[in-house]
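# Topology and contacts: notes
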Amino acid sequence: MSQLPIETVMPQLLAAVSDCQQLILKAAPGAGKSTHFPLSVLQANLLPEKIILLEPRRLAARNIARYLAKQLGEQVGQTVGYRVRGETKTSTYTRLEVVTEGVLTRMIQSDPELSGISMVMFDEFHERSLHADTGLALCLEIQQALRDDLKLVVMSATLDGQALQQLLPEARFIESQGRSFPVDIVYQPLGANEYLAPFMAKKISALLHQHHGSLLAFLPGVGAIKQTQQTLESLIADDVDICPLFGQLSADEQQKAIEPSPKGRRKVVLATNIAETSLTIEGIRLVVDSGLERTASFDLKTGISKLEQIRIAQSSAEQRAGRAGRLEAGICVRLYSESQLKQQPYVPVPEIVRSDLSPLAMELAQWGTTQVSELAWLDCPPAAAFNQARALLQRLGLMDRHYQLTTQGQKTQHLGVAPRIGAMLTSAENRSQTVTAALAAALLEEPEKQQVDFAHSAQRFLSRRHSVQQRVLARATQLARLCGESFESHAVEPTLLATMLCRAFPERIAQRRPTQSQNGQVSYLLANGHGVELSDEHPLAQCDYLVVADVMRSPNARQSSRVLLAAELDIISVQQHIPHLLVEHEWVDWDDKRGRLVAELRVQLGQLILERQALADPPREKMTQALLNYVRRHGLKVLNWTPKATNLLERARCGAEWLPEQAWPELDDSALLSHLEDWLEPYLHSIHSAKQINKVDVYQALNAYLGWPLNQSIDQWLPCEYQLPTGTRKAIRYQQGQQPTLSVRMQEVFGEQTSPTVANGTVKVVLELLSPAQRPLQVTQDLAAFWQGAYKDVQKEMKGRYPKHVWPDDPASHIATTKTKRQLNS
């Protein structure tokens, strides 16, 4: 380890650890920042208490801990230990603890002072996971308010150093270069009609025949890995082992991909971006990079996260290529062009700006922060996404209207699970429900590939045939124990599985639409109003109700999303076990098809109508509300917009723009539709049908909405007409976003020195000057300049065309007139 590149800056690093509370370390892949640096700090005895090393992935955390323990000649759990979800190997002697990001957050919440911890190191911070951003924000507050002796280190190979130094202005910045082993970059992009898996397999096979050493290939997901593996098996020699590497594999299978190949053998590791950072895979000197990865992005409109395949950022391409040069000179083949790479952003989009923020909202509520701006962020969480996350937590019963955690929410945080999982576990009312919820949670965390029916996965587990039986059993046992129960398969109630899922996904309860299937798909409506589809050949497509645990959002916003995981739902069970999801109310609306008012007593679950019963003689206020709904559906165009009403609306909109100091109400179309109750409803009391809506005096309604003194002053500020020197009154035309316009014959403004103004003299009126035959001659808002300049050309032309009319040489001093020369001289 002493030959690692980071050794050249180790004196600076150790000095910074002694002297500074904050340190930023930029070190190239393979420099030793994840291993040699923390171990050197430990061996130098610079800190009185424990070091926490944060890693983004469980695989990296385990392997770094094992490697460091091996350097000390010890077993993991002695001086060096690790803690990941569901697995802890530490002891009272542990001084360096490698943890995953969610573990750090729970440590902070359970002990806000981080007692017994001297330093927290954030490794591979460039990945910008939600947990890492949250952990750093909380640690900064701890450092500022509770522990000025706490030391923080932020490390990565591709840091945005400038942004980080703005967040950590007191931090010392140190950079370490990587190894000197060169990596040859070769660009071999896919052709237009070529598929990734067979193209990747051919490139791997060619590299293995031409070069020595083992190979690491980066693919976007599990499906691509399996396809490539299947194609590759017939192309490579017998002395080459193919090792997949992705997050869903068991620890033993992952370790097989990382460990050195037996003597005389090579290996091909087919990996997702799990192998991009923090892992040294023995023997690798060849890399093939697809340039793709799969990331989750959250859609605010539907409340659904979609796993999208996207091109990687430039920094990720650097990280991947760096895997080839750790031990000797290497080769990296990129299956994309250099120009494509340069079009990508340098760093990936942070998870905090593209993800479901309900876990963050839970953490901040437990921390006692009501405003996200109270903490220091590299990227502040978007307000819209954060507010939607809070709304979801309230719907799940985890947060109250004051944004404080409920008892259920506090229990969820104690369990250390995702909010939806926590809502399901903490709402269980007896042992049977708790055990059933624990199994449902474990199955959700370990979903089977290509399996849509959730009940089938549960049945395979209960019959001991699940694809990852032991992992599901271990997780279900752990969750049940955390809830105070022992897990036993015979205690699971399969008939309750769907109902328990409803507690986690109440807005995804789905009702089959009455329409026939189209394009081989059956359509369902979710309780949140979003549409989803299921193949009409799937047995679940015959069910009237489903609860949908996972969906794939359609790339086309107009199309429904596709159901990936669901369970048949007995709606009676929901009414019995979760009655608070149902609402009974009177509904009155105008039926466009039947042309009459419809009144019903409805039982609804979100947007789903479960029961309806006709009502006779709805009350007046319900009828009025129905008419307002009709206007909202069809838009403001259904109202009787007389010229007088249109003119008032345009003048008021212009007034809001030109006289912003006045208290104008919001007057754009969307605002008027949102506030129909305020301005239109008072004028609907004598209206009994949609056809009668055209009787409403829109001018009067808007005039009243403006209120005093605006409706009294608007005629003074923005007059409808302008009186000319001849005594004639001409209409001023108003249109939002444009200057007011006045069309007038040129002779009628002779003698005027300046253009007229409105809005208390702050806005000039544009004059459209007309010929005696009312044809446009000139447009100006500077009349004085026109008289002195362009008028001469107009005069010359008009004298010949209209010789009976006056065309004076000095129009600014001439008397305004509507008469001809003869009329003036008579």
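Here the structure is a predicted model, which means the values were calculated and not measured.

Analysis parameters
- Residues numbered from 1 in each chain as written.
- Predicted model: local features only at pLDDT ≥ 70, side-chain atom pairs only at ≥ 80, totals over all residues.
- Heavy atoms only, no water.
- Phe/Tyr/Trp six-rings, centres within 6.5 Å; stacked < 30°, edge-to-face > 60°.
- Helix = DSSP H or I, 4+ residues; strand = E, 2+ residues; numbered from the N terminus.
- Buried < 20%, exposed > 50% of the residue type's maximum accessible area, 1.4 Å probe, protein only.
- Pairing = 2+ DSSP bridges.
- Axes fitted to C-alpha atoms, helices over the stretch in contact; angles between N-to-C directions.
- Arc of directions from axis to C-beta.
- Contact = heavy atoms within 4.5 Å.
- Disulfide = S-S within 2.5 Å.
- Parallel < 35°, antiparallel > 145°, perpendicular 65-115°, else oblique.
- Left-handed = near helix turned anticlockwise from the far one by under 90°.
- Nonpolar A, V, L, I, M, F, W, Y, C, P; charged D, E, K, R; others polar.
- Core = buried A, V, L, I, M, F, W, Y, C linked by side-chain atoms within 4.5 Å.

### A few points about the packing of aromatic side chains
- Evaluation of the coordinates by the stated rule reveals 9 aromatic pairs.
- The interplanar angle of 75° and the centroid separation of 6.4 Å between the aromatic rings of Tyr187 and Tyr336 together place this pair among those described as edge-to-face. One end of the pair, Tyr187, is in strand S9 (residues 183-187); the other, Tyr336, is in the loop between strand S16 (330-334) and helix H11 (338-342), with 149 residues separating them in the sequence.
- Classification of Tyr187 by relative accessible area gives partly exposed; the value is 27%.

### A short note on unusual backbone geometry
- In the segment running from Trp708 into Pro709, the intervening peptide bond is cis, with an omega of 5°.
- In this fold, Pro709 is placed in the loop between helix H25 (698-706) and helix H26 (710-717).
- Residue Arg128 is not a glycine yet carries a positive backbone phi of 50°.
- The residue Arg128 is located in the loop between strand S6 (117-122) and helix H5 (130-145) in this model.

### Considering the sheet that holds strand S11 (residues 240-245)
- Across the sheet, which stays open at both edges, the 6 strands sit in the order S9-S16-S13-S10-S12-S11 with parallel pairing between neighbours. Edge positions in the sheet fall to S9 and S11, since each of these pairs with one other strand and no more. Direction aside, the axes of adjacent strands within the sheet are offset by 15° on average.
- Two elements, strand S10 (residues 214-218) and strand S12 (residues 266-271), share 4 bridges in a ladder whose sense is parallel. Within S12, the position partnered with Leu216 by the bridge is Val269.

### Notes on helix H14 (residues 407-415)
- Restricting attention to buried positions, one finds in H14 the residues Gly409, Thr412, Gln413 and Leu415. The arc that holds the buried residues of H14, viewed along the axis, is 160°, so those residues lie on one side. For H14, the exposed residues set more than 90 degrees away from the buried face come down to Thr407 and His414.
- Packing partners of the buried residues in H14 comprise helix H4 (101-110), helix H12 (358-367), helix H15 (419-426) and helix H18 (469-482).

### So, helix H9 (residues 251-258)
- Burial in H9 covers these residues: Gln254, Gln255, Ala257 and Ile258. Looking straight down H9, one finds that the buried residues subtend no more than 155° of arc, so they occupy a single side. Those residues of H9 that are exposed and angled more than 90 degrees off the buried face are Asp252 and Lys256.
- Buried residues belonging to H9 abut helix H3 (58-71), S11 and S12.

### Quick look at the environment of Ile284
- Among the structural elements, Ile284 can be located in strand S13 (residues 284-289).
- The sequence separation of Ile284 and Lys267 amounts to 17 residues, and the corresponding C-alpha distance is 8.6 Å.
- Not counting residues up to four positions away in its chain, the partners in contact with Ile284 are Ser214, Leu215, Leu216, Arg323 and Ala324.

### Here's the deal with the state of the cysteines
- Summed over the entire model, instances satisfying the criterion amount to 0 disulfides.
- Free cysteine Cys20: the closest other cysteine sulfur is in Cys139, separated by 17 Å.
- Residue class for Cys20 comes out buried when judged on its relative accessible area of 12%.
- The cysteine Cys332 is free of any disulfide, with Cys243 supplying the nearest cysteine sulfur at 20 Å.
- Cys332 gets classed as buried once you look at its relative accessible area, which sits at 0%.

### Structural notes on the packing of helix H22 (residues 643-658) against H25
- Following both chains from N to C, one finds H22 and H25 inclined at 25°, their axes separated by 8 Å at the closest point. Taken as axis vectors, H22 and H25 run roughly parallel relative to one another. Where H22 crosses over H25, the two elements pack in a sense that is left-handed. Residues Lys644, Ala645, Leu648, Leu649 and Ala652 of H22 form the contact with H25, whose own contacting residues are Val698, Tyr699, Leu702, Asn703 and Leu706.
- A class-by-class count of the residues in the contact of H22 with H25 yields 8 nonpolar, 1 polar and 1 charged.

### What about the environment of Pro382?
- Examined against the element boundaries, Pro382 turns out to sit in the loop between H12 and helix H13 (383-395).
- Residue Pro382 is classed as partly exposed on the basis of its relative accessible area, which comes to 28%.
- In the structure, Pro382 is positioned 30 residues away from Ile352 in sequence and 8.1 Å away in space, judged by C-alpha atoms.
- Excluding anything up to four places from it in sequence, Pro382 contacts Ile352, Val353 and Leu357.

### A word on the packing of H3 against H9
- Between H3 and H9, whose axes approach to 11 Å, the crossing angle comes to 65°. For the crossing formed where H3 meets H9, the hand is right-handed. Contacts from Leu59, Arg62, Asn63 and Arg66 of H3 reach H9 at Ala251, Gln254, Gln255 and Ile258.

### What to know about the nonpolar core
- In this structure, Trp679, Leu680, Met746, Val758 and Trp787 are the most contacted members of the largest nonpolar core, which totals 62 residues.
- Ignoring anything within four residues of it in the chain, the contact list for Val758 reads Trp658, Trp717, Leu718, Pro719, Ile732, Tyr734, Pro740, Val763 and Val765.

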